[in-house]
4 protein chains.
Amino acid sequence: MGIFLFFHPEQRTEVVIIVLKPQATRQHADEILRQIDALGLRPLYMPGAERVVLGAIGDERVIDGLHLENNPMVESVQRILAPYKLVSREIHPHDTIVNLGQVPIGGARFTVIAGPCAIESRDQMTRTAQAVRAAGAVALRGGAYKPRTSPYSFQGLGPEGLTILREVASETGLPAVTEVVEVADVDLVERYADGFQCGARNMQNYRLLKALGQSRKPVILKRGMAARIEDLLLAAEYILAEGNPNVILCERGIQTFETATRNTLDLSAIPLIKQKSHLPVIVDPSHGTGLRELVGPMAKAAAACGADGLLVEVHCQPELALSDGRQSLYPGQFATLMQELEPFVVAAGKVLR
Amino acid sequence: MGIFLFFHPEQRTEVVIIVLKPQATRQHADEILRQIDALGLRPLYMPGAERVVLGAIGDERVIDGLHLENNPMVESVQRILAPYKLVSREIHPHDTIVNLGQVPIGGARFTVIAGPCAIESRDQMTRTAQAVRAAGAVALRGGAYKPRTSPYSFQGLGPEGLTILREVASETGLPAVTEVVEVADVDLVERYADGFQCGARNMQNYRLLKALGQSRKPVILKRGMAARIEDLLLAAEYILAEGNPNVILCERGIQTFETATRNTLDLSAIPLIKQKSHLPVIVDPSHGTGLRELVGPMAKAAAACGADGLLVEVHCQPELALSDGRQSLYPGQFATLMQELEPFVVAAGKVLR
Amino acid sequence: MGIFLFFHPEQRTEVVIIVLKPQATRQHADEILRQIDALGLRPLYMPGAERVVLGAIGDERVIDGLHLENNPMVESVQRILAPYKLVSREIHPHDTIVNLGQVPIGGARFTVIAGPCAIESRDQMTRTAQAVRAAGAVALRGGAYKPRTSPYSFQGLGPEGLTILREVASETGLPAVTEVVEVADVDLVERYADGFQCGARNMQNYRLLKALGQSRKPVILKRGMAARIEDLLLAAEYILAEGNPNVILCERGIQTFETATRNTLDLSAIPLIKQKSHLPVIVDPSHGTGLRELVGPMAKAAAACGADGLLVEVHCQPELALSDGRQSLYPGQFATLMQELEPFVVAAGKVLR
Amino acid sequence: MGIFLFFHPEQRTEVVIIVLKPQATRQHADEILRQIDALGLRPLYMPGAERVVLGAIGDERVIDGLHLENNPMVESVQRILAPYKLVSREIHPHDTIVNLGQVPIGGARFTVIAGPCAIESRDQMTRTAQAVRAAGAVALRGGAYKPRTSPYSFQGLGPEGLTILREVASETGLPAVTEVVEVADVDLVERYADGFQCGARNMQNYRLLKALGQSRKPVILKRGMAARIEDLLLAAEYILAEGNPNVILCERGIQTFETATRNTLDLSAIPLIKQKSHLPVIVDPSHGTGLRELVGPMAKAAAACGADGLLVEVHCQPELALSDGRQSLYPGQFATLMQELEPFVVAAGKVLR
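Residues numbered from 1 in each chain as written. Chains lettered and ligands numbered in written order. Predicted model: local features only at pLDDT ≥ 70, side-chain atom pairs only at ≥ 80, totals over all residues. Heavy atoms only, no water.

Draft legend 1. Main features of the relation of the copies chain B and chain A. Its rotation angle being 180°, the transformation that places chain B on chain A also includes 0.0 Å of axial translation and leaves an RMSD of 0.1 Å. In short, the pair behaves as if placed about a two-fold rotation axis. Residue Ala226(B) of chain B places its C-alpha closer to the rotation axis than any other residue of that unit, at 2.7 Å. In this assembly, 98% of the residues forming the interface of chain B have copies in chain A that are likewise at the interface, indicating an isologous arrangement. (Least-squares fit on C-alpha atoms with pLDDT ≥ 70 in both. Contact = heavy atoms within 4.5 Å.)

Structural data, given as structure tokens:
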């Protein structure tokens, strides 16, 4: 159960980080968390390998009244100055690892999630899932709800698609992610999938972000087509502020004047986000370019500049795909990519699995 | 009650327009509409001053089986070729006029809707509404739900804001529009407001668009920050395809590399949309520039190039505003603008009211 | 003869403005200008209606040694803080009027310069020039050197085109502007034309800007396709810093993701530049949109938001034009535009001539 | 001596490729080249490993009169359909290798060119050049003419800078490239440098491109900030059409709405250009990001997606640099980068030298 942060007009919200001394026990921590809670602030408990770090979110005037620097178990108290707080590296210096089913994303691993743009049939999903698993993908993607520019385009199979996804995921043993486009669908999607995708068009659908913050399942948050990196981090902050720390950021291309590609994949976002945030970052080279031929080179480049993984569109028969066929890899192309990718992943100091 | 269009994967949706002969009666029209309905297609009834026009939306193969060209009361049958159909001028050559409460938008009038970015208090709304009415605004705006980039910014008063808006609207006799950000809020907002705003960040929130298509109250649909004009027209198509013809398009600036202004107001969108669509188009020079000093010049330019009206941010005390103060006009500035605007509106062949 | 500003690596250039007291005579001014010159600084003499204003440009450490605040005839000494100095309104609060031949640009007039994209033949120029003069244009445009994206496109008639332009300008009594693309051509173009155009692709060709600064003929400086307004003002500063104050800025559209128009015309640049600079600003709605149908609406919008004039492409037979035919007006369309434009110009407080 | 292509207005230029039969001798080729020349067309001689390929550029009607398909030594005649001809892979299926001094660029090598943004002094160049050579750079960069946004910024040492560059290049044995900004400087720069840089702001300075086409020294052509990939290829076509085949394309970032980086480095341009053109492509991660911390990750990503090399800014003391210090690497950082780069270069199938 997340806590809805309601802000009065005259209120300014702040976040403080409280680093405890090495000798502080769990009891000390709990005592401080109780004090924070008693003042109506939102308490955060973030145990680390060496130190326990606590946090408090709320009205800056109330926070000013905490005076925790006087507590003998507190080593330091510090305000987060970036516009985003909980996603910031200031609050959490080490890389966060998010578990998608049994698959850890972030840290030393390079994770490849693959599958079709849209779930079209049981047969299409089964064939595609088996192919991507055989080639080394560790998780499955597939859309049941497709946000399409035209109301006359295929909009996805809806609940029927979710059922197919669940069955194929169970059969293949791959955890599955799928896009959720509406608050009312969050519960249903949560039951069927191992993780949510929040698409580029919904990156600033703040009510959806808050609803995803109420879940504890991982959320792959895609950068909006006109969103600055700071906007993406603030969108992630919406989810973390509701209590869900399991966010994976995804670069998928931005709108520019270039017309040869569908979007312009901004790979410099990867090292920049890594500098500013502790969250894992993956890359979607399929939407990022819109062209099958560019998926391989951009996947390697993503690995080279420090991405934590990929979200790749693969279809058992791209020429028959109901959406995004032009950017979907053939199973054979995906298998080749996975082989070619490995030395780049290794050179970047990670393992491909 | 709108009709949800569900598309099977293998289906391609088409729209045909059926122009009846002058002698066709309502009975003839009803008979054809029944035929369309009986085939599982969605029937449209569009009576004009001289001719009755009918439409059918659905699977192209089913439409192929209609054979209406053989009906003696049918003058012509024609497929809509643009990717958008119902919003296209092809289907509806004359300008559409949308009624916001008693206020007609489109056609010969230039309509100014004004008010604060966010509803902050009863007093603030009352003072602002009285000021804009006195200066000549014919409708009121004010946000109860504010989509904000940061979760720590003021998010609007919610239902309490809607109550204030309704009271002030009733008191001043001005119809009121307010933003809706989530499907679950559509019913509530519909009860309190005379029209919806669908914000730039939600222009491609297709589930919200479909929900707004179920209403019959006007929807001001703002162009997304990375949306091409074609994308905007397709977003409007979502609303019309659900049965709500009362859509007002709104240009509010797009993302570019320029940093001196908040967005780049694309006024060429106005004559371009007028060429392609029958829907009214208004301009938001406040978000479009982000700078109070540019609102007046851009408002005049909007009138000059054929816009049907404005959405302007006015605040009784901009220096105290909880959001967007930098772009809000002082009441005195708004009064001056309304006076200066009139000759431009008249030169454009419209009346300011 | 302009003064080439050469800057040593370790030097920082500053500009100071020296406002003289009302009683200061020309002799006082000359004495101060001599002091400025003697220190190796560049002196500027800017007499106004009420006060004489002087300036000094050069190494900030030398300027620090001037100590003019101690001079009894000096009222105030102030440094220009904007990155651009001579183009800034700080240095020159009133609107600058630039004379193109006998035609004043800026101030109370709205000036329309019209003609074909490229000079193609004597006949084409004569017919077009007569048509635009009859419709009310007060100056002629026509390109002899055409910067074209492809080396295989028509590149202009070169010197032969300049001869045609001069003859037609003399015949019709209209001053003529034409684009110069290269330092080596500046002298030749200066002999044949009444003013230069510096195109968008050359806005940051600083050697060309410096060469144009050596002339005293007017320069229409077009905004680059990726240039911020500040970049445009700094480009103009290059010309003024060389001694040529006769610069007319021109908004002609920027590169964005929108593909329905050739560029996105940024009309908010007009009031923004007016706020920051004293230079006249005109608008090119032909290149700004790339579509003939949008030229009229955008021309009116430009007048409405305070532009000082237009640069419009008109061709006697657009369907035969060797370049930009799609955006060129027919003579009849131009005549209609000039009539429809007048009330907007008048509403903006200017006169159309 | 290049041939200036002058096009009459009514002329349409075409390029045809003539593939000779295996048995054709040099004499046969010369005979055909004479026929091409006799018709006033421009002949091209392109001997390959297996076949000799000839070309003809000129008026399409004249080309139509060639009738070379009837020549018994001709295997095939084919028109180039892309808007660019000589840069196209259609005309030249294998990768072109350009020699910068003794250093081959393209093909199996990954070439790193490094040095300061601007030449500031003999000492600064010597120290920087020795450092980059020690770390593995094979060529030197340094600007004598700096195109700067403000006329009051350091503009480069000019001819004095060229002298320093030549001396340091000779001393260290590294070939040197430097930017040329003006037609009048081409001869001087050619005497001092081993290759030209044509900067982003001059990518569409077509007179400069033509002048560079008259040289035979390599030209590093940087993509303009608002240039589509097709525009870049057409700009290169200007140089090749004048007779200089030694062009190296350079991706250096484009203008987008993102403000966290100076530009957005578009790495998808690399595989896309490789698909469409035979010319080598390098990447400038320094200007492409504007941030020293991002240079390393983007350099690795460039190697991973198939670039032929890098242009990197290194300064012996970045904190004292007169320009671009924020994006210049310290010598130690550059040495680390070169070490870390190698496995990525190897994984991409190239050698780092």
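What follows picks up the thread again.
Draft legend 2. View of the interface of chain B and chain A. Contacts between the two partners involve 44 residues from chain B, matched on the other side by 43 residues from chain A. Carbon and sulfur atoms supply 56% of the area buried between chain B and chain A, which totals about 3,700 Å² over both sides. The tally of links between chain B and chain A comes to two salt bridges. Across the pair Asp185(B) and Arg207(A) runs a salt bridge whose closest N-O atoms are separated by 2.8 Å. Linking chain B to chain A there are 16 residue pairs in polar contact (both at pLDDT 80 or more). The set of elements that each furnish at least two residues to the side of chain B that touches chain A consists of β1 (13-20), α6 (206-214) and α7 (229-241) of chain B. With five residues, α7(B) is the single largest residue contributor to the side of chain B that touches chain A. (Buried area = accessible area lost by both parts, 1.4 Å probe. Salt bridge = Lys/Arg side-chain N within 4 Å of Asp/Glu carboxyl O. Polar contact = N/O pair within 3.5 Å; in protein donor to acceptor, adjacent residues only side chain to side chain. Helix = DSSP H or I, 4+ residues; strand = E, 2+ residues; numbered from the N terminus.)

Draft legend 3. Examining the packing of helix α3 (residues 122-135) of chain C against helix α11 (residues 331-347) of chain C more closely. All names here are of chain C. Across the interface, α3 lies against α11 with an axial gap of 9 Å and an inter-helix angle of 20°. Relative to α11, α3 is oriented roughly parallel. Here the hand of the crossing between α3 and α11 comes out right-handed. On α11, the residues that touch Ala131, Val132 and Ala135 of α3 are Pro331, Phe334, Ala335 and Met338. (Axes fitted to C-alpha atoms, helices over the stretch in contact; angles between N-to-C directions. Parallel < 35°, antiparallel > 145°, perpendicular 65-115°, else oblique. Left-handed = near helix turned anticlockwise from the far one by under 90°.)

Draft legend 4. Representation of the sheet that holds strand β1 (residues 13-20) of chain C in the model. Residues and elements named next belong to chain C. Strand order across the open sheet formed by four strands is β2-β3-β1-β4, with antiparallel pairing between neighbours. Sheet topology places β2 (42-47) and β4 (74-79) at the edges, where each strand pairs with a single neighbour. Between one strand axis and the next, the sheet turns by 20° as a mean value, whatever way the strands run. Relative to strand β3 (residues 52-59), β2 runs antiparallel, the two sharing six bridges. Its bridge partner being in β3, leucine 44 is matched across the sheet by glycine 55. In the packing of helix α1 (residues 26-38) onto the sheet, contacts are made with β1, β2, β3 and β4, and the angle to β2 comes to roughly 160°. (Pairing = 2+ DSSP bridges.)

Draft legend 5. Geometry of the sheet that holds strand β4 (residues 74-79) of chain D. Residue and element names in this part refer to chain D. The four strands are arranged β2-β3-β1-β4 in an open sheet whose pairing can be described as antiparallel. Every other strand in the sheet has two partners, leaving β2 (42-47) and β4 as the edge strands with one partner each. With direction set aside, neighbouring strand axes in the sheet form an average angle of 20°. Here five bridges tie strand β1 (residues 13-20) to β4, and the two strands are oriented antiparallel to one another. Looking at the pairing, valine 19 lines up with serine 76 of β4. On top of the sheet, helix α1 (residues 26-38) reaches β1, β2, β3 (52-59) and β4; it is set at about 160° to β2, its chief contact.

Draft legend 6. Representation of helix α1 (residues 26-38) of chain A within the structure. Over its 13 residues, α1(A) runs 18 Å from end to end, which matches the ideal 18 Å to within 8%, given 1.5 Å per residue. Gly40(A), located one to two residues past α1(A), shows a positive phi value of around 85°. (Expected span 1.5 Å × (residues − 1).)

Draft legend 7. Representation of the interface of chain B and chain D within the structure. Across the contact, four residues belong to chain B and four residues belong to chain D. Surface buried jointly by chain B and chain D totals about 290 Å² across both partners, of which 75% is contributed by carbon and sulfur atoms. Per-residue buried area on chain B facing chain D is highest for Gln255(B), Phe257(B) and Thr259(B); these three make up 89% of the total on that side. Across the chain B-chain D interface, the total number found is zero salt bridges. Taken together, the connections running from chain B to chain D amount to zero residue pairs in polar contact (both at pLDDT 80 or more).

Draft legend 8. Seen up close, the pattern of salt bridges. Taken as a whole and assessed by the stated rule, the structure comprises 92 salt bridges over all chains. Put simply, Arg127(C) and Asp123(C) hold a salt bridge, and the shortest N to O gap is 3.5 Å. With Arg127(C) and Asp123(C) both in helix α3 and four residues apart, the pair spans about one turn of that helix. A salt bridge links Arg122(D) to Glu167(D), with the shortest nitrogen-to-oxygen separation between them at 2.7 Å. Within this pair, whereas Arg122(D) is found in helix α3 (residues 122-135), its partner Glu167(D) is found in helix α4 (residues 159-172), the two being separated by 45 residues in sequence. Each of the salt bridges in this network shares a partner with another, and the network as a whole consists of Arg223(A), Glu251(A), Asp266(A) and Glu258(D).

Draft legend 9. The environment of His28(D), seen in detail. Residues and elements named next belong to chain D. Within the secondary structure, histidine 28 sits in helix α1. Sequence-wise, histidine 28 and valine 74 are 46 residues apart; in three dimensions their C-alpha atoms are separated by 9.5 Å. Excluding residues that lie within four positions of it along the chain, histidine 28 makes contacts with Gln23 and Met73. A distance of 2.9 Å separates a polar side-chain atom of histidine 28 from the backbone nitrogen of threonine 25.

Draft legend 10. Molecular detail of the confidence of the model for chain A. Per-residue pLDDT for chain A has a mean of 92; in total, 97% of the residues score no lower than 70. The model gives residues 1-10 of chain A a pLDDT under 50, and that stretch makes 26 contacts with residues more than four places away or in other chains. (pLDDT = per-residue confidence, 0-100.)

Draft legend 11. Representation of helix α6 (residues 206-214) of chain C in the model. Residue and element names in this part refer to chain C. Burial within α6 is extensive, with seven of its nine residues counted as buried. Within α6, the full set of buried residues consists of Tyr206, Leu208, Leu209, Lys210, Ala211, Leu212 and Gly213. Buried residues along α6 sit in contact with α5 (186-192), β10 (195-198), β11 (219-222) and α7 (229-241). (Buried < 20%, exposed > 50% of the residue type's maximum accessible area, 1.4 Å probe, protein only.)

Draft legend 12. Just the packing of helix α8 (residues 269-276) of chain B against helix α10 (residues 292-304) of chain C, in detail. At their nearest, the axes of α8(B) and α10(C) sit 9 Å apart, and the two run at 130° to each other. Between α8(B) and α10(C), the crossing angle belongs to the class labelled oblique. Taken as a pair, α8(B) and α10(C) cross one another with a handedness that is right-handed. Here Pro271(B), Leu272(B) and Gln275(B) of α8(B) come into contact with α10(C), specifically with Glu293(C), Leu294(C), Pro297(C) and Met298(C).

Draft legend 13. Quick peek at unusual backbone geometry. Phi angles above zero are rare outside glycine, and His67(B) is one such case at about 50°. Here His67(B) lies in the loop between α2 (60-64) and β4 (74-79). Phi at Asp324(D) is positive, roughly 60°, even though this residue is not glycine. By the element assignment, Asp324(D) lies in the loop between β14 (309-313) and α11 (331-347).

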